[in-house]
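Descriptive structure summary
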Amino acid sequence: MSDKVSRRQFAKIAGLSAAGVASPLEMADAKPAAAARNAGGFPAGFVWGTATSSYQVEGAVNEDGRGASIWDSFTRIPGKIEDGTNGDRANEHYHRYKEDIALIRELGCKAYRFSVAWPRLFPDGDGKPNPKGLDFYNRLIDELLKNGIEPWLTLYHWDLPQSLQDRFGGWRSTETCKIFGDYAACVAEHLTDRVKNVFTLNESGRFVYFGYGIGIDAPGLTLPRAEVNQIRHNSALAHGLAVQAVRAHGRRGTKVGPAENIDACAPAIDTPENVRAAEIALREMNAGYLNVIMEGRYTDAFLKFAGRDAPKYTDAELKIISSPVDFLGLNIYAPQNYVVASDQGPGFMPLPIPKSFPHMNSDWLRIGPETLYWVPKLAAKIWKTDAIYISENGTSGEDQVTPDGKIYDTDRIMYLRNYLAQLQRATEEGVPVRGYFLWSLMDNFEWVFGLGKRFGLYHVNFDTQVRTPKLSASFYRNVIAKNAAGV
Ligand code: BG6
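Scoring rules and cut-offs
- Residues numbered from 1 in each chain as written.
- Predicted model: local features only at pLDDT ≥ 70, side-chain atom pairs only at ≥ 80, totals over all residues.
- Heavy atoms only, no water.
- Helix = DSSP H or I, 4+ residues; strand = E, 2+ residues; numbered from the N terminus.
- Rg over C-alpha atoms; globule rule 2.2 N^0.38 Å.
- Buried < 20%, exposed > 50% of the residue type's maximum accessible area, 1.4 Å probe, protein only.
- Areas by Shrake-Rupley, 256 points an atom, 1.4 Å probe, with all protein chains shown as cover.
- Lys, Arg positive; Asp, Glu negative; His and termini not counted.
- Charge placed at Lys NZ, Arg CZ, Asp CG, Glu CD.
- Pairing = 2+ DSSP bridges.
- pLDDT = per-residue confidence, 0-100.
- Contact = heavy atoms within 4.5 Å.
- Axes fitted to C-alpha atoms, helices over the stretch in contact; angles between N-to-C directions.
- Near = heavy atom within 4 Å.
- Polar contact = N/O pair within 3.5 Å; in protein donor to acceptor, adjacent residues only side chain to side chain.
- Nonpolar A, V, L, I, M, F, W, Y, C, P; charged D, E, K, R; others polar.
- Parallel < 35°, antiparallel > 145°, perpendicular 65-115°, else oblique.
- Left-handed = near helix turned anticlockwise from the far one by under 90°.
- Phe/Tyr/Trp six-rings, centres within 6.5 Å; stacked < 30°, edge-to-face > 60°.
- Lys NZ or Arg CZ within 6 Å of the ring centre and 35° of its normal.
- Disulfide = S-S within 2.5 Å.
- Salt bridge = Lys/Arg side-chain N within 4 Å of Asp/Glu carboxyl O.

Secondary structure assignment for the protein yields 18 helices and 13 strands. Relative to the compact-globule value of 23 Å for 487 residues, the protein shows a C-alpha radius of gyration of 21 Å, a close match. With respect to the three principal axes, the spread of C-alpha positions in the protein is 65 × 55 × 45 Å. For the protein, with 487 residues in total, the buried portion stands at 64%. Summed over its atoms, the accessible surface of the protein is roughly 17,700 Å², and 53% of this surface lies on carbon and sulfur atoms. Within the protein, the 56 negative side-chain charges are centred at a point lying 3 Å from the centre of the 55 positive side-chain charges.

Written out as C-alpha cells, the structure reads:
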C-alpha cells in the first residue's frame, strides 16, 4: 500500500477514533442549451460550480497587510513539501482574479466556491479587520456577480493565522474557536449582502488529523490520540460558533453549512443488508465530526472506541456544535470503505482494499464513482437533510502539454463522466443533491505535493502564469450546458 493511500485511510480510521491556437473549449460543439428538467439529466436549477481555496491560489502572501498563516511557516520547513514549493506566488489569483473569473464564466458555471484567507482579514487572527483584506474580497465578489456567478464562501480552508498558533496552540485551544466565531461574524456582517451561502470549515477530518496527528499538514504536530480527539471536538465547536455568528450577523436568509470530506462508505454489493450496513457505517465512521454536528451527540460506539481518549465536552458545547445548518457540503473524491453486513459490533464490516484497486494520478484517489450515488443518498437518510452540495469532487491527472500545445486529459473526463453519471442517478431517484463544485478551477498549490499534482480544468504554467483550458474544460462546459452527465 502506498504512502498516500495509507495516509488518507489512516485519517479515516482516526475519524472513528476518532493550447494551442484553437482552445479546447472551441472543440466542444455544445451550444449552451436551456437547462433540461430531470428527464435524463439533473434537476432544473442544479448549481454547477468550481472551487479553489485562498492559500492554494492567491499568492501575494506579504501584500496589503496580510498576516502570516501556519501554511506560510509550514512550507518553509525543509522536506515538508515534496517539490519544495510554497504558496507565496501560487496562481497570483490575488492580482489575476478578473482573468480567473472570466475562465469560470467560459465554463458556464453559475457558482464559484472560494475561501477567505483569515490572516488577510485579521493579520493576527483577532483585533480590527484589515480594510485592504476586506477590499479584496469585496472586489472579488463584485466581479463574480458582474459575471453572473454566485459567490459561495468558505470561512476556513486551513490557513490559520500563525499568531493564533503561537499564542494559543491553534485549534488545541477553545480560544481559537471563539476568535473564529468573531472572524465569522465580521465576514457575515460585511459580505453577506452579496454572499448567500457560507461554508464553515473545510475538511476538519483532514486538517485535524494530518495537521495535529501525523504532522504532514500544517502545523505539523504529532500529538497523542486524546489530544487529536479534543482538537476535532474543538473544530466542531468552531463550526457551531460560526453557524451562530452567521445567523446573528449575516443578512437574513444567508445559508450556512459544513464542507466535510465525509468518510465515504458504500455497500460492497447492493443487497438490503449491506445497504443497511453502509448506512450504519456512514454514521459511525463520521461520528467524530459530521454526526455530532447533525445529531448533537457522540455515538456510543465512538465513545467506546475512544475510551479514555474521548474528548471532554459539556452539554452546552454539544448544543452549539449542533446548531441547525441549512445544507450539508460533502467533499467526495474516493471510496473509503466498502462494507458488508456483520453481526459484530455496530453492524458493519469494512472490507480490506486490495493493492490492485485502481486509482487516479494521486495514489490516494481510488476510482469509485458509485460513492457519488451512495454517500449523498445515505447521508440524506441518516441526517434527514433536504439540501446536499458536493462541495468538492475531481481528480489529479498527468496533464502533459502535447506538441500542439493542448492537454488531452481523457483520464479526468473518464473520472468525471462516471462520477457525474452516479450523481445524476442519485438526483433522478430524488436524493436532494442541489449542486456540485468541481475541484478545481485551475491547477494550484496542492499542499504537501506542492505544484506536483494538477487538479485543474485549466492548466497553469507556474513560470508564466498562463492558463490553458484542458479538454476536460470542454467536457464540463458541455455537462453544464446540457444539465446532464451523459455527454
Ligand atoms: C481536498 C482539499 O482534500 O482535496 C483541497 O479540500 C485539496 O484543498 C484536494 O486540494 C486535493 O488534495 P491533495 O492532498 O491531493 O492536494
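On to the pairing of strand β2 (residues 111-115). With five of five residues buried, β2 lies mostly within the body of the structure. The alternating pattern of β2 places Ala111, Arg113 and Ser115 and Tyr112 and Phe114 on opposite faces, both of which are buried. Where β2 meets strand β3 (residues 150-156), five bridges bridge the pair, whose relative direction is parallel. Bridge pairing links phenylalanine 114 to leucine 153 in β3.

So, on to the confidence of the model for the protein. Of all residues in the protein, 92% have pLDDT values of 70 or greater, and the mean over the chain is 93. A low-confidence stretch, residues 1-38 stays under pLDDT 50, and its non-local contacts, those more than four residues away or across chains, total 95 contacts.

What follows is about the sheet that holds strand β8 (residues 337-341). In spatial order, the strands read β6-β8-β9; together these three strands make up an open sheet with mixed pairing. The open sheet has two free edges, formed respectively by β6 (265-267) and β9 (348-350), since each of these has just one partner strand. Each strand axis lies, on average, 40° off the axis of its neighbour in the sheet, ignoring direction. Relative to β8, β6 is paired through three bridges, and the arrangement is parallel. Pairing of alanine 266 across the sheet is with tyrosine 338, part of β8.

Neighbouring residues of the ligand: 16 residues in total, closest Gln56, His157, Glu203, Arg206 and Glu446. Within the contact set of the ligand, an oxygen atom lies 3.2 Å away from a side-chain nitrogen or oxygen of tryptophan 364. One of the side-chain N or O atoms of glutamate 392 is found 2.9 Å from an oxygen atom in the ligand. Relative to its free-state accessible area of 390 Å², the ligand is covered by the protein chains to the extent of 100%. Grouping the amino acids of the shell around the ligand by side-chain chemistry returns seven nonpolar, four polar and five charged.

Our focus in this paragraph is the packing of helix α9 (residues 174-191) against helix α11 (residues 225-249). Between two packed helices, what matters for the description is the angle formed by their axes and the separation of those axes. Where α9 meets α11, the closest approach of the two axes is 8 Å, and the angle between their N-to-C directions is 30°. In terms of orientation, α9 lies roughly parallel with respect to α11. The interaxial crossing formed by α9 with α11 has right-handed handedness. Packed against α9, whose contacting residues are Thr174, Cys177, Lys178, Phe180, Gly181, Ala184, Ala185, Ala188 and Glu189, the element α11 presents Asn234, Leu237, Ala238, Leu241, Ala242, Ala245, Val246 and His249 at the interface. In terms of residue class, the contact of α9 with α11 is built from 11 nonpolar, four polar and two charged.

Attention now goes to the pairing of strand β4 (residues 197-202). Most of β4 is tucked away, with six of its six residues classed as buried. Across four bridges, β3 lies against β4 in parallel orientation. Residue pairing in the sheet places threonine 154 in a bridge with phenylalanine 199 of β4. Sheet topology note: the β4/strand β5 (residues 255-260) ladder contains four bridges and is parallel. Of the residues in β5, the one forming a bridge with asparagine 202 is alanine 259.

Take the sheet that holds β4 next. Within the closed barrel, the eight strands sit side by side as β1-β2-β3-β4-β5-β7-β10-β11. Their pairing is parallel. Between one strand and the next, the sheet's axes are offset by a mean angle of 25°, whatever the strand orientation. For strand β10 (residues 388-393) and strand β11 (residues 433-439), the ladder comprises four bridges, and the chain directions are parallel. Looking at β11, one finds that isoleucine 388 is bridged to valine 433. Packed onto the sheet, helix α16 (residues 371-383) meets β7 (328-331), β10 and β11 and runs at close to 145° relative to β10.

Attention shifts here to the packing of aromatic side chains. For any pair of aromatic rings, geometry is given as the distance between the ring centres together with the angle between the planes. One pass over the full model with this rule turns up 43 aromatic pairs. Arranged with centres 4.9 Å apart and planes meeting at 70°, the rings of phenylalanine 136 and tyrosine 137 form a pair that is edge-to-face. Accessibility assignment for this pair places phenylalanine 136 and tyrosine 137 in one class, buried. Here the aromatic rings of phenylalanine 199 and phenylalanine 437 are separated by 6.2 Å at their centres, their planes lie at 85°, and the arrangement is edge-to-face. In this pair, phenylalanine 199 is assigned in strand β4 and phenylalanine 437 in strand β11, connecting sequence segments 238 residues apart. Here phenylalanine 199 and phenylalanine 437 have matching classes, each one buried. Three or more aromatic residues joined by ring pairs form one cluster here, namely Trp118, Phe122, Tyr156, Trp171, Phe180, Tyr183 and Phe207. Between the NZ or CZ atom of arginine 113 and the centre of the ring of phenylalanine 199, over which it lies, the distance is 4.8 Å. In this structure, lysine 453 is placed above the aromatic ring of phenylalanine 449, and the distance from its NZ or CZ to the ring centre is 5.9 Å.

Inspection of the entire model under this criterion finds zero disulfides. Not engaged in a disulfide, the cysteine cysteine 186 finds its nearest cysteine sulfur in cysteine 177; these two sulfurs lie 18 Å apart. The class for cysteine 186 is buried, based on a relative accessible area of 8%.

Turning to the pattern of salt bridges, a few remarks are in order. One pass over the structure, following the stated rule, counts 30 salt bridges. Linking arginine 467 and aspartate 100 is a salt bridge whose minimum nitrogen-to-oxygen distance equals 2.8 Å. With a gap of 367 residues between them, arginine 467 in strand β13 (residues 466-469) and aspartate 100 in helix α5 (residues 93-107) connect regions that are remote in the sequence. Assigned by exposure class, arginine 467 and aspartate 100 land together as buried.

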